[in-house]
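Structure assessment
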Amino acid sequence: MRLDARIPAGPIEGKWERCKFEMKLVNPANKRRFKVLVVGSGLAGASAAASLGELGYEVECFCYQDSPRRAHSISAQGGINAAKNYQNDGDSVFRLFYDTVKGGDFRAREANVYRLAEVSGAIIDQCVAQGVPFAREYGGLLANRSFGGAQVSRTFYARGQTGQQLLLGAYQALERQIALGKVRMFTRTEMLDLVVEDGRARGIVVRDLKTGEIRRHAGHAVVLATGGYGNAFHLSTNAKGCNATAIWRAHKRGAAFANPCYTQIHPTCIPVSGDYQSKLTLMSESLRNDGRIWVPLRKGDTRPAGEIPEAERDYYLERRYPAFGNLVPRDIASRAAKQVCDEGRGVGPTGLGVYLDFSESIGRLGRAAIEERYGNLFEMYERITGEDPYSVPMRIFPAVHYTMGGLWVDYHLMSSVQGLYVLGEANFSDHGANRLGASALMQGLADGYFVIPYTIGDDLAARLGEKVSSDTPAFSEVETGVRDRLRKLTSIRGKRTVDSFHRELGQVMWAECGMGRNATGLRRAIERLPGLRAEFWENVNVLGSGDGLNQSLEKAGRVADFLELGELICRDALHREESCGGHFREEHQTPEGEALRDDEHFRYVAAWEWAGEGREPVLHKEPLEFEYVHLAQRSYK
Amino acid sequence: MRLTLRVWRQAGPSAPGRLVTYELPDVSEHMSFLEMLDVLNERLTEKGEEPIAFDHDCREGICGTCGFMISGIAHGKMPATTVCQLHMRHFRDGEELVLEPWRSKAFPVLRDLVVDRGAFDRIIQAGGYVAVNTGTAQDANAIPVAKADADVAMDAASCIGCGACVAQCPNGAAQLFTAAKVSQLALLPQGQPERWQRVERMVAQLEREAFGSCTNYGECEAVCPKGVSLDFIAMMNRDWLRNVFRVRRESRATGGAG
Ligand SMILES: Cc1cc2nc3c(=O)[nH]c(=O)nc-3n(C[C@H](O)[C@H](O)[C@H](O)COP(=O)(O)OP(=O)(O)OC[C@H]3O[C@@H](n4cnc5c(N)ncnc54)[C@H](O)[C@@H]3O)c2cc1C
Ligand code: SF4
Ligand code: FES
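Residues numbered from 1 in each chain as written. Chains lettered and ligands numbered in written order. Predicted model: local features only at pLDDT ≥ 70, side-chain atom pairs only at ≥ 80, totals over all residues. Heavy atoms only, no water.

1. Describing the overall build of chain A
Helix and strand counts for chain A come out as 17 helices and 19 strands. Over its C-alpha trace chain A gives a radius of gyration of 24 Å, about what one expects of a compact globule, namely 26 Å for 637 residues. Principal axes of the C-alpha set define a box for chain A whose edges measure 75 × 60 × 50 Å. Across the 637 residues that make up chain A, the buried fraction comes to 69%. Considering only intrachain contacts with a sequence separation of at least 6, the fraction spanning at least 24 residues in chain A is 74%. On chain A, roughly 20800 Å² of surface is accessible, and the fraction owed to carbon and sulfur atoms is 49%. (Helix = DSSP H or I, 4+ residues; strand = E, 2+ residues; numbered from the N terminus. Rg over C-alpha atoms; globule rule 2.2 N^0.38 Å. Buried < 20%, exposed > 50% of the residue type's maximum accessible area, 1.4 Å probe, protein only. Contact = heavy atoms within 4.5 Å. Areas by Shrake-Rupley, 256 points an atom, 1.4 Å probe, with all protein chains shown as cover.)

This is the structure we're talking about:
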């Protein structure tokens, strides 16, 4: 496998212009001769499908939900970044680029990140034109806030429902193309495998989740925008259906998987309440703008928060990081919370929680101002916990939230399989080892609105006249494999539910490959997972058949893939003998307990190649060059 | 606490359905409603009974995927709450609850508590968008929008497309859902060029689907988990009428088709 990132030559400011100029074009009349399959209808998929439809391509789009409007992007709360500098506070494309590379702990590709910052402004323009009701100031202009570790206010938001509003904008653009007949939408349809013919992505095999029908779809290119794989940890802030099946299948068909161990643990989630817990709820980190994080100074202090005097509280983020205080990046905030809980100073019934306290800002700004900013988040908190955060501090704890890793892509967003593109959270491209708040929405929309519509033409231009058909031996073989696997799953009829396997996998992953990782634990996980996988295939109980709506069967397929991916995540974490961003190896830390990178040995993208069942995956390295951002130990002190 | 659930079980779109009773002896008050069903489903599976199918995804009250009737009320009795956000602390020991899918001709049952809400997507297809191709937009701050308008547009835009309004409506009307989108876009300058054709087409589509007609019961607003206001229906109706007059005036001015 040869990985060529295809980064255009020349100064960074000119790379994307140059790339756009040098790419081959498909003339407008010929676009309709190409069929593009877009899997996923989240921000990345919906924006891509709509934009490709507008350009004239024939598009088929797939999602597992009953409507494209429900993709997981809908739950993003906090906002979307863009280098508009509307606040006149010194923001610029270069600063957004710089912050993103630094925030990612110098493990992202400069050229991609620069392009992301460069197109960020156009995303906001596009969304406003679609009628996205962003928050505004009294003068009628767009409001901004600062978010997650940024020292400028560049985050655009729509109350606490930014993802919803951006997704509805993209969804509506998509529905318009559906009405125009340019996009065919397949809802409640799950991609179960990728078809590769002569080294090229040729199509997919899907299951209609309503009828159980297995179908083949052929196209000139396949675009995966299927989101992240955080649910490999069982409990995460992701929607229940989020899965890795599409990218994992593509990986097994030749797409390299990059940096799987880079997972983001979000510091502000509602703590686990019992073993029936089905998912974790994120409290937007915008709350950290006005909330102060603390734990009791003394270990084992069980007094209610209100009875602990100021002098006996430890505002540990403000103490350790005076410059950034409560706004340090996510990985740092999460780890700090784990540390104080490990010291026995955690709060709440399980001791796995820290306070996020608004009393000071309510005193300073008044309850109304806080309500205006965070009303819906406070309501959500109260609904879930039964506690009123206006009068008692919230309790929060870190949870798995986002996966920076994903399928390896080059500058065109093409994977290591020709004709297979990967967008949004499903790829690895822009966030390095840690993603900054409000940057995933930006990346998903950048990929879908402003990158893929250009880059896909370059590859397609040479293929004019190429006929694609799903009536080929390659399709038959893949389809047979899909059918066999489904049949197998429904015929085991063992003793354990799918959820029980998922829970066990999650426990292993969280314990050995969560906020702190070490070689012993990772080795333990790598030894344990094959056994769990084997047990799954002997003892899982999936009732019913594949002939109609069967949610256990859907889940079983996804969990089976997580069981394989989990091992790769651990292997990657074990091989990366350094700490960077969300990947914290306990063996590699500074005396103050901060992440210690090893730029000399690990300044590369780890791209894993599938080597076959039962074989160890093969590691390929894409070295990272930093020409514009000065490599430094991150410091938020 | 102990609960009795009577749940609608239906094997497929054309299979007959019936209520089946399940006893839950040990529900924790900290669980969400769907977590309670998860636990029940685990037990059913262990006993060899097929689990109850219900739609859900985000479990945060935002994706609009979940939803069923709990003893006659869409999303259950807590105001402004989707079933995924409904917690068991609001129920009493010994209560009996009846769970049924959305009941609407326009939302056929697929299995158990799962329905097909494709009609909502078709209403959006009829005009619930601003026709602006990618890349053609001007600077986002070129047109100021009064904060008050933007805020009300956002209220309308909060609709999650869950379908509770339709399910609760004695007529099975989808006016609230449709009005939310019509109003959001009518309130913003970006929505003006297509304002009249949008309302006309979306309402026409509403009538083509198997929804009932709106007679102002107001039950939709009462169960809407996002508190989408009935005022938007009034706004939509006004725009719809204004458009009728506008079309008449225009056809008179141009000699009309008679
Ligand atoms: C609670 C929460 C809050 C967040 N808040 C923010 C925020 O404030 N700002 C920010 O920038 N980011 C935020 N993020 C991150 C951000 O929302 C996601 O990274 C981003 O929306 C992912 O978009 P996507 O288009 O890549 O994937 P998704 O939105 O996850 O979409 C995936 C799509 O793929 C489809 N799909 C998946 N698998 C298959 C398959 N096998 N077959 C067919 N279809 C499939 C799904 O149906 C869906 O349509 C948040 C994330 C969470 C969990
Ligand atoms: S108007 Fe309310 S009840 Fe109706 S679909 Fe929208 S959110 Fe659901
Ligand atoms: S599951 Fe998303 S709103 Fe209930």
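2. Some details on the overall build of chain B
Each helix and strand in chain B was counted, giving eight helices and seven strands. When the backbone C-alpha atoms are referred to their principal axes, chain B occupies close to 70 × 40 × 35 Å. Here chain B holds 258 residues, and 59% of them are scored as buried. Looking at chain B alone, contacts between residues at least 24 apart form 69% of all its contacts between residues at least 6 apart. Summed over all atoms, the accessible surface of chain B reaches about 10400 Å², with 50% contributed by carbon and sulfur. Across chain B, the centroid of the 28 positively charged side chains sits 7 Å from that of the 32 negatively charged ones. (Lys, Arg positive; Asp, Glu negative; His and termini not counted. Charge placed at Lys NZ, Arg CZ, Asp CG, Glu CD.)

3. Brief notes about the interface of chain B and chain A
Taken together, the contacts link 75 residues of chain B with 76 residues of chain A. Carbon and sulfur atoms make up 50% of the area that chain B and chain A hide from each other, which totals about 6200 Å². Seen at the junction of chain B and chain A, the total is seven salt bridges. Measuring nitrogen to oxygen at the nearest pair gives 3.1 Å for the salt bridge that ties Asp66 of chain A to Arg117 of chain B. For the side of chain B that touches chain A, the secondary-structure elements that each account for two or more residues are helix H1 (33-47), strand E6 (109-111), strand E7 (114-115), helix H2 (118-125), helix H3 (147-157) and helix H5 (175-187) of chain B. When residues in the side of chain B that touches chain A are grouped by element, the largest group, seven residues, is from H3 of chain B. (Buried area = accessible area lost by both parts, 1.4 Å probe. Salt bridge = Lys/Arg side-chain N within 4 Å of Asp/Glu carboxyl O.)

4. Re the pairing of strand E1 (residues 3-10) of chain B
Looking along a regular strand, one sees the side chains alternate between the two faces of the sheet. All names here are of chain B. Taken across its eight residues, E1 has seven buried, putting it largely inside the fold. Here eight bridges tie E1 to strand E2 (residues 17-24), and the two strands are oriented antiparallel to one another. Its bridge partner being in E2, Leu5 is matched across the sheet by Tyr22. Taking the residues that link successive antiparallel strands as the turn, the E1-E2 hairpin has six residues. Strand direction decides the pairing type here: E1 and strand E5 (residues 96-100), joined by four bridges, are parallel. When the bridges of E5 are listed, Leu5 appears paired with Leu97. (Pairing = 2+ DSSP bridges.)

5. Side note on the packing of aromatic side chains
In this description, an aromatic ring pair is defined by two values, namely the gap between the centres and the angle between the planes. Residue and element names in this part refer to chain A. Per the stated rule, a full pass over the model turns up 28 aromatic pairs over all chains. Plain terms: the ring middles of Phe62 and Phe186 are 5.1 Å apart, the flat faces sit at 15 degrees to each other, and that makes the pair stacked. Taken together, the residues span a long stretch of sequence, with Phe62 in strand E2 (residues 58-62) and Phe186 in strand E5 (residues 183-186) at a distance of 124 residues. The structure contains a cluster of three or more aromatic residues connected by ring pairs, namely Phe94, Phe97, Tyr98 and Tyr114. Positioned over the ring face of Tyr315 is Arg292, at 3.8 Å from the centre of the ring. In this structure, Arg496 is placed above the aromatic ring of Phe501, and the distance from its NZ or CZ to the ring centre is 4.1 Å. (Phe/Tyr/Trp six-rings, centres within 6.5 Å; stacked < 30°, edge-to-face > 60°. Lys NZ or Arg CZ within 6 Å of the ring centre and 35° of its normal.)

6. Brief notes about the sheet that holds strand E6 (residues 189-197) of chain A
Residues and elements named next belong to chain A. Taken together, three strands build an open sheet; the order of strands is E6-E7-E8 and the sheet is antiparallel. The sheet terminates laterally at E6 and strand E8 (214-218), the two strands that pair on one side only. In this sheet, neighbouring strand axes are inclined to one another by 25 degrees on average, regardless of whether the strands run parallel or antiparallel. The sheet contact formed by strand E7 (residues 200-208) and E8 spans five bridges and is antiparallel. Among the inter-strand pairings, Arg207 is bridged to a residue of E8, identified as Ile214. Relative to the sheet, helix H13 (residues 473-492) contacts E6, E7 and E8, its axis offset from that of E6 by approximately 140 degrees. (Axes fitted to C-alpha atoms, helices over the stretch in contact; angles between N-to-C directions.)

7. Examining the site of ligand 2
The immediate surroundings of ligand 2 are formed by Phe120, Cys159, Ile160, Gly161, Cys162, Gly163, Ala164, Cys165, Leu176, Cys224 and Pro225 of chain B. Partitioned by chemical class, the residues of the shell around ligand 2 number nine nonpolar, two polar and no charged. (Near = heavy atom within 4 Å. Nonpolar A, V, L, I, M, F, W, Y, C, P; charged D, E, K, R; others polar.)

8. Regarding the site of ligand 1
Residues and elements named next belong to chain A. What surrounds ligand 1 is a group of 39 residues, the closest being Gln65, Ser73, Gly78, Glu425 and Leu441. Measuring from an oxygen atom of ligand 1, one finds a backbone N or O atom of Gly78 at 2.8 Å. Between ligand 1 and Asn243, the relevant distance is 3.2 Å, taken from a nitrogen atom to a side-chain nitrogen or oxygen of the residue. Contact with the protein chains covers 99% of the free accessible surface of ligand 1, which is 1000 Å². Going through the elements one at a time, helix H3 (43-55), E6, strand E15 (394-403) and helix H12 (440-460) are the ones with two or more residues in the shell around ligand 1. If one sorts the elements of the shell around ligand 1 by residue count, E6 sits on top with three residues. Taken together, the residues of the shell around ligand 1 break down into 16 nonpolar, 19 polar and four charged. (Polar contact = N/O pair within 3.5 Å; in protein donor to acceptor, adjacent residues only side chain to side chain.)

9. Digging into the layout of surface pockets
All names here are of chain A. In this structure, the second largest pocket spans a volume of roughly 570 Å³. In terms of lining residues, the second largest pocket is bounded by 28 residues, among which Leu235, Val272, Leu280, Leu352 and Trp510 are the most central. Taken together, the elements giving at least two residues each to the lining of the second largest pocket come down to helix H9 (330-342), E15 and helix H14 (498-513). Residue classes in the lining of the second largest pocket are distributed as 16 nonpolar, eight polar and four charged. (1 Å grid on protein atoms, 1.4 Å probe; cavity = no way out; pocket = protein on both sides within 12 Å on 5 of 7 lines; lining within 4 Å. Points joined across faces, edges and corners; volume = space filled by probe spheres on them.)

10. Remarks on a nonpolar patch on the surface
Taken together, the side chains of Trp240, Leu241 and Phe245 of chain B define a hydrophobic patch exposed on the protein surface, amounting to about 290 Å² of accessible area. Take Phe245 of chain B: it is sitting in helix H8 (residues 231-253). (Patch = residues over 30% accessible without salt bridge, like charges linked within 9 Å, V, L, I, M, F, W, Y side chains within 5 Å.)

11. Here's the deal with the side chain of Arg288 of chain A
Its place among the elements puts Arg288 of chain A in the loop between strand E11 (263-269) and strand E12 (292-296). Within the structure, Arg288 of chain A has its side chain in polar contact with the backbone oxygen of Val328 of chain A (distance 2.7 Å).

12. Here's the deal with the nonpolar core
The biggest cluster of nonpolar side chains holds 242 residues, and the ones touching the most others in it are Ile80, Phe134, Leu224, Ile456 and Phe536 of chain A together with Phe211 of chain B. Sorting elements by how many residues they give to this core places helix H16 (residues 551-575) of chain A first, with twelve residues. Ile456 of chain A has contacts with Val36, Leu52, Tyr57, Ala221, Val223 and Tyr421 of chain A, leaving out every residue within four places of it along the chain. Grouped together as the second largest cluster of nonpolar side chains are 30 residues, Leu34, Met36, Ile52 and Cys84 of chain B included. (Core = buried A, V, L, I, M, F, W, Y, C linked by side-chain atoms within 4.5 Å.)

13. Quick notes on the domain arrangement of chain B
Residues and elements named next belong to chain B. Assigned domains of chain B: these are domain 1 (3-110) and domain 2 (117-244). With 21 residues of domain 1 at the contact, the number on the domain 2 side is 17 residues. Each partner contributes to the roughly 1400 Å² buried at the junction of domain 1 and domain 2, and carbon and sulfur atoms together form 60% of this total. For the pair domain 1 and domain 2, the interface holds one salt bridge. Residue Asp55 is joined to Arg117 by a salt bridge in which the shortest nitrogen-to-oxygen separation is 3.8 Å. Taken together, domain 1 and domain 2 are joined by six residue pairs in polar contact (both at pLDDT 80 or more). A per-class count over the side of domain 1 that touches domain 2 returns ten nonpolar, eight polar and three charged. (Domains from an automatic or database assignment.)

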